[in-house]
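Here is what each chain is made of, one letter per residue.
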Protein chains: 2
Amino acid sequence: MTTTPDLSEQLRGAGLRVTRPRLAVLDAVSGLPHADTDSIIGAVRRELPSVSHQAVYDSLHTLTAAGLVRRIQPTGSVARYETRIGDNHHHVVCRSCGAIADVDCAVGEAPCLDASDQHGFVIDEAEVIYWGLCPSCSTARPQ
Amino acid sequence: MTTTPDLSEQLRGAGLRVTRPRLAVLDAVSGLPHADTDSIIGAVRRELPSVSHQAVYDSLHTLTAAGLVRRIQPTGSVARYETRIGDNHHHVVCRSCGAIADVDCAVGEAPCLDASDQHGFVIDEAEVIYWGLCPSCSTARPQ
DNA sequence: TCCGCTTTCCTGAATGAGTCAAGATTGGGG
DNA sequence: CCCCAATCTTGACTCATTCAGGAAAGCGGA
């Protein structure tokens, strides 16, 4: 996995310093889409055993602010992160087990972006979350 | 405000016991759309000064499970509740101050419900959150 | 109207994701 | 190679939400 050069480029391109914690976090998030902070900390520590949880939190915030990762947080879930950004995709969340999957919106680029009455808000993004049951949960307990 | 009979009916119709905490919570949520739990506790205690926060949490869970209130929780926010349900409306959230407003979806009843690839999920709801800046924040700090 | 069985509520403590703060390290331009 | 600002470490802390056990209150039936 010699993707480190790419990841460094991403960081540098966003005007951020290239540090090992950030590289590890970026790598972990891209390898574990929709992972929560705890899983990310675990994955990062497999590379760098001594990173503090704080460094991971800081990195995630910085990377999110820089637009390199996206943070999602469905109702009832902790924060989750992914690196697939800028392609206008959405998420399906299982009400039963919390599993998350990506969904490309059928409508096109900007779904429902023309809200009927925006109340004067300047809208820049429409986030869509589909709720339902994942394959295993829907067969395991149809009720 | 003699809406108590109505509220009692709602509870009874959902097969729930009619208790004063529940009536007060239902009343508070309908009077303060998008309020967080703390505000709801405050409003409830104006009617019933001695309700425990636990009773409010329990009531909110029960009412949510019964479909009498809806829980929303935009990324970075605590849980918020509203009584406007079953009419397929969505929300605009201000990135700066967190203000929330209702939005009737322009598309019709079920926006984007036909996701291109559902990954085998059985979808029953599409939740849409528009992100942007509210009128005051967009004029106060255009940047 | 009263009983009794549950459900619901209260008190008080615990959990856990996320944040704050201060000092030590480190990246990278000069 | 140096130096300073940005970043990381450590450790304490916040606060929304949950857990637990006993008390109180709904409500269907007598």
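Cut-offs applied
- Residues numbered from 1 in each chain as written.
- Chains lettered and ligands numbered in written order.
- Predicted model: local features only at pLDDT ≥ 70, side-chain atom pairs only at ≥ 80, totals over all residues.
- Heavy atoms only, no water.
- UniProt positions renumbered as here; feature names shortened; annotations may be inferred.
- Pairing = 2+ DSSP bridges.
- Helix = DSSP H or I, 4+ residues; strand = E, 2+ residues; numbered from the N terminus.
- Near = heavy atom within 4 Å.
- Polar contact = N/O pair within 3.5 Å; in protein donor to acceptor, adjacent residues only side chain to side chain.
- Nonpolar A, V, L, I, M, F, W, Y, C, P; charged D, E, K, R; others polar.
- Contact = heavy atoms within 4.5 Å.
- Salt bridge = Lys/Arg side-chain N within 4 Å of Asp/Glu carboxyl O.
- Buried < 20%, exposed > 50% of the residue type's maximum accessible area, 1.4 Å probe, protein only.
- Axes fitted to C-alpha atoms, helices over the stretch in contact; angles between N-to-C directions.
- Parallel < 35°, antiparallel > 145°, perpendicular 65-115°, else oblique.

Under an unreviewed UniProt entry, chain A has the name Transcriptional repressor and belongs to Nocardioides mangrovi. As recorded by UniProt, the Sequence similarities (unreviewed entry) comment attached to chain A reads in full: "Belongs to the Fur family." UniProt, in the comment section headed Subcellular location (unreviewed entry), describes chain A in these words: "Cytoplasm".

Caption draft 1: Spotlight on the sheet that holds strand E2 (residues 70-72) of chain B. Residues and elements named next belong to chain B. The 3 strands are arranged E1-E3-E2 in an open sheet whose pairing can be described as antiparallel. At either margin of the open sheet sits one strand with a lone partner, and together these are strand E1 (35-36) and E2. In terms of strand pairing, E2 meets strand E3 (residues 80-82) through 3 bridges, oriented antiparallel. If you follow Arg70 over to E3, its bridge partner there is Glu82.

Caption draft 2: Representation of the protein's contact with DNA strand C within the structure. Near DNA strand C there are 19 residues, and of these Gln54(A), Thr19(B), Arg22(B), Ser52(B) and Ala55(B) occur at the shortest range. Within the backbone of Ala79(A), an N or O atom sits 3.3 Å from a phosphate oxygen of DNA strand C. One nitrogen or oxygen atom from the side chain of Arg22(B) is found 2.8 Å from a phosphate oxygen belonging to DNA strand C. Those elements that provide at least two residues to the surface near DNA strand C are helix H4 (53-66) of chain A together with helix H2 (20-31) and helix H4 (53-66) of chain B. For the surface near DNA strand C, the element with the most residues is H4(A), which contributes 4 residues. Broken down by class, the residue content of the surface near DNA strand C amounts to 7 nonpolar, 8 polar and 4 charged.

Caption draft 3: Just the protein's contact with DNA strand D, in detail. Taken together, 19 residues surround DNA strand D, and among them Thr19(A), Arg22(A), Ser52(A), Val18(B) and Gln54(B) come closest. A breakdown of the atoms of DNA strand D within 4 Å of the protein gives sugar and phosphate a share of 64%. Here a phosphate oxygen of DNA strand D and a backbone polar atom of Ala79(B) are 3.2 Å apart. Those elements that provide at least two residues to the surface near DNA strand D are helix H2 (20-31) and H4 of chain A together with H4 of chain B. Top contributing element to the surface near DNA strand D by residue count: H4(B), with 4 residues. Taken together, the residues of the surface near DNA strand D sort by class into 7 nonpolar, 8 polar and 4 charged.

Caption draft 4: Inspection of the side chain of Thr75(A) at higher detail. Of note, Thr75(A) is situated in the loop between strand E2 (70-72) and strand E3 (80-82). Engagement of the side chain of Thr75(A) in a polar contact is seen with the backbone nitrogen of Gln73(B), the distance being 3.4 Å. Each residue touching Thr75(A), except ones within four places of it in the same chain, is listed here: Trp131(A), Arg71(B), Ile72(B), Gln73(B) and Glu127(B).

Caption draft 5: Looking closely at the pattern of salt bridges. All names here are of chain A. What the rule picks out here adds up to 10 salt bridges over all chains. Residues Asp104 and Arg84 are paired through a salt bridge, measuring 2.7 Å at the closest nitrogen-oxygen approach. Residue Asp104 is located in strand E5 (residues 100-104), and its partner Arg84 is located in the loop between E3 and strand E4 (89-94); the two are separated by 20 residues in the primary sequence. According to the relative accessible area criterion, Asp104 is partly exposed, its value standing at 39%. In the salt-bridge network here, residues are joined through shared partners; they are Arg84, Asp102 and Asp104.

Caption draft 6: Expanded view of the packing of H2(A) against H4(A). Residue and element names in this part refer to chain A. With their axes 9 Å apart at the nearest point, H2 and H4 run at an angle of 70 degrees to one another. Viewed along their axes, H2 and H4 adopt a mutual orientation that is roughly perpendicular. Every residue of H4 that contacts H2 at Pro21, Arg22, Val25, Leu26 and Val29 is listed here: Val56, Ser59, Leu60, Thr62 and Leu63. Looking at the contact of H2 with H4 residue by residue, the class counts come to 7 nonpolar, 2 polar and 1 charged.

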